[in-house]
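Spelled out from the first residue to the last, the chains are:
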Amino acid sequence: MALNYSVSLRPNPLEREASPKAYATAQMNGELSLKQLSRRVSSQTTVSRADVVAVLTATVDNLLEALTEGKQVIEDKRIHIALKDNVDKLYIEVICSAGDETSRVIICHEHTNIVYVEKNGVVLTDRRKEGVSCDVLDDDELRLSFSTVYEFAMEMPLDEIRFILETADLNRRAAEASLKGNFGHTVSKTVSGAYGRKYMGDSAYTHMLAMTAAACDARMDGAMIPVMSNSGSGNQGIAATLPVLSFAEDIECTEEQLIRALMLSHLMVIYIKQSLGRLSALCGCVVAATGASCGITYLMGGDKVKISYAIKNMIGNITGMICDGAKPSCAMKVSSGVSTAMLSALMAMENKVVTPVEGIIDEDVDKSIINLTSIGSKGMEATDKLVLDIMTGKSC
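Residues numbered from 1 in each chain as written. Predicted model: local features only at pLDDT ≥ 70, side-chain atom pairs only at ≥ 80, totals over all residues. Heavy atoms only, no water.

Asker: Honestly, the overall build of the chain in this entry has me stumped. Any pointers?
Answerer: Counting its regular elements, the chain contains 15 helices and six strands. Counting only residues that meet the buried cut, the chain has 38% of its 396 residues in that class. In the chain, of all internal contacts separated by at least 6 residues, the share reaching a separation of at least 24 is 66%. Of the roughly 22100 Å² that the chain leaves accessible, carbon and sulfur atoms contribute 55%. (Helix = DSSP H or I, 4+ residues; strand = E, 2+ residues; numbered from the N terminus. Buried < 20%, exposed > 50% of the residue type's maximum accessible area, 1.4 Å probe, protein only. Contact = heavy atoms within 4.5 Å. Areas by Shrake-Rupley, 256 points an atom, 1.4 Å probe, with all protein chains shown as cover.)

Below, the structure written as structure tokens:
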């Protein structure tokens, strides 16, 4: 059986100084149903297909039950959360105890970078370093620019970037699965419901709002629905993908146009995140929706100049939206980002753009992006601390 895969270099989380190793990552290619899986397992073992189905079904049921039991730990107030001063922006320290045993683990700089491990007072790993910032760009990481992103998305052979359609497929399925239940604040169903249709209409605009909010509704409510992320964020992956996909379907564009629009959107998000850093008090939907606006402008027939206008319009509008944690109301923020993405694209297509004499916008689009990310990474540090103080100080 042939297996599609890609190769990527990854460091060892426990040996960051060691040379990265090459790992093969399987690429998604279709779905495997429960019926197909059970038949395959049955053919490889002495267990009947019916027994395999029964075991798999019971496994899922037990996982859901275990997750529910986990929530009880929170309700029993057995978990205590506090802020630690003078540490990296991305810093997680966990201290656990059970009976007479204790353990302590610290993750810093990156989500998989374990720098300290201690058990029962015995230090097993200690790789803590002073002055490490999670915003530092790795030496081997390609430094992007608006022109680099645009030219790559527009000029790369389609077969080299066709894989981006898998992102659209996975996130669309998340949106469709969300509509089968009532998740979070049901932002999507509000937009597409009776009041939504009455006062907002039924158009390409409301379609992209509903599709994007649907996937976010489910994800932020803890639904077991996978999504394709961007820069480590599922919501950013959703917001960079679904507005573009929804609009592409409404205007019935070609497959090539969809591929290039999605690539432009996702790469623009990655570019902006390079200078913003992994964590910021700036809501990620600002960045993701900026990428989506680029893709939408391209699908409207916009050229490089008009796409740069869309970016400036985005930065001149929703810069400053705070991140106050992952929760159901994120679907509302994502919807605000999508709404602004559409408005920014429409204005760009009419050659209307926020000018350099207004606020933080610069004549150069790359400098405008740096202004945005400087506010998010440096200017909002005090905001970040205050938001965390408020969140951890609440009684609920």
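Asker: How do you make sense of the packing of aromatic side chains when you look at a structure like this?
Answerer: How two aromatic rings sit relative to each other is set out by the distance from centre to centre and by the angle between their planes. In the structure shown here, the tally under the stated rule is two aromatic pairs. Note on Phe146 and Tyr150: the rings are 6.3 Å apart at their centroids and 35° apart in plane angle, and the pair reads as tilted. On the criterion of helical spacing, the pair formed by Phe146 and Tyr150 is a turn pair, its members being four residues apart in helix H3 (residues 146-155). Residue classification places Tyr150 among the buried positions, given a relative accessible area of 16%. When the centroid spacing of 6.2 Å and the interplanar angle of 10° are considered together, the rings of Tyr195 and Tyr199 count as stacked. Of the two residues, Tyr195 and Tyr199 both sit in helix H7 (residues 194-200), four residues apart, roughly one turn of that helix. Tyr199 matches Tyr195 in its accessibility class, with the two residues each being exposed. (Phe/Tyr/Trp six-rings, centres within 6.5 Å; stacked < 30°, edge-to-face > 60°.)

Asker: For this particular structure, what's the right way to read the sheet that holds strand S4 (residues 101-108)?
Answerer: The four strands are arranged S3-S4-S5-S6 in an open sheet whose pairing can be described as antiparallel. Each edge of the open sheet carries a strand with a single partner, namely strand S3 (91-98) and strand S6 (122-126). Recorded for the sheet is a direction-independent mean angle of 10° between the axes of neighbouring strands. (Pairing = 2+ DSSP bridges. Axes fitted to C-alpha atoms, helices over the stretch in contact; angles between N-to-C directions.)

Asker: Can you walk me through the pattern of salt bridges in this structure?
Answerer: Opposite charge on two side chains allows them to pair when their charged atoms are near. Across all of its chains, the model carries 15 salt bridges by this definition. Two residues, Lys84 and Glu93, come together in a salt bridge whose shortest N-O distance is 2.8 Å. Between Asp159 and Arg162 there is a salt bridge, and its shortest N-O distance comes to 3.3 Å. Its relative accessible area of 29% is what places Arg162 among the partly exposed residues. (Salt bridge = Lys/Arg side-chain N within 4 Å of Asp/Glu carboxyl O.)

Remember, this is a structural readout, not a statement about activity or role.
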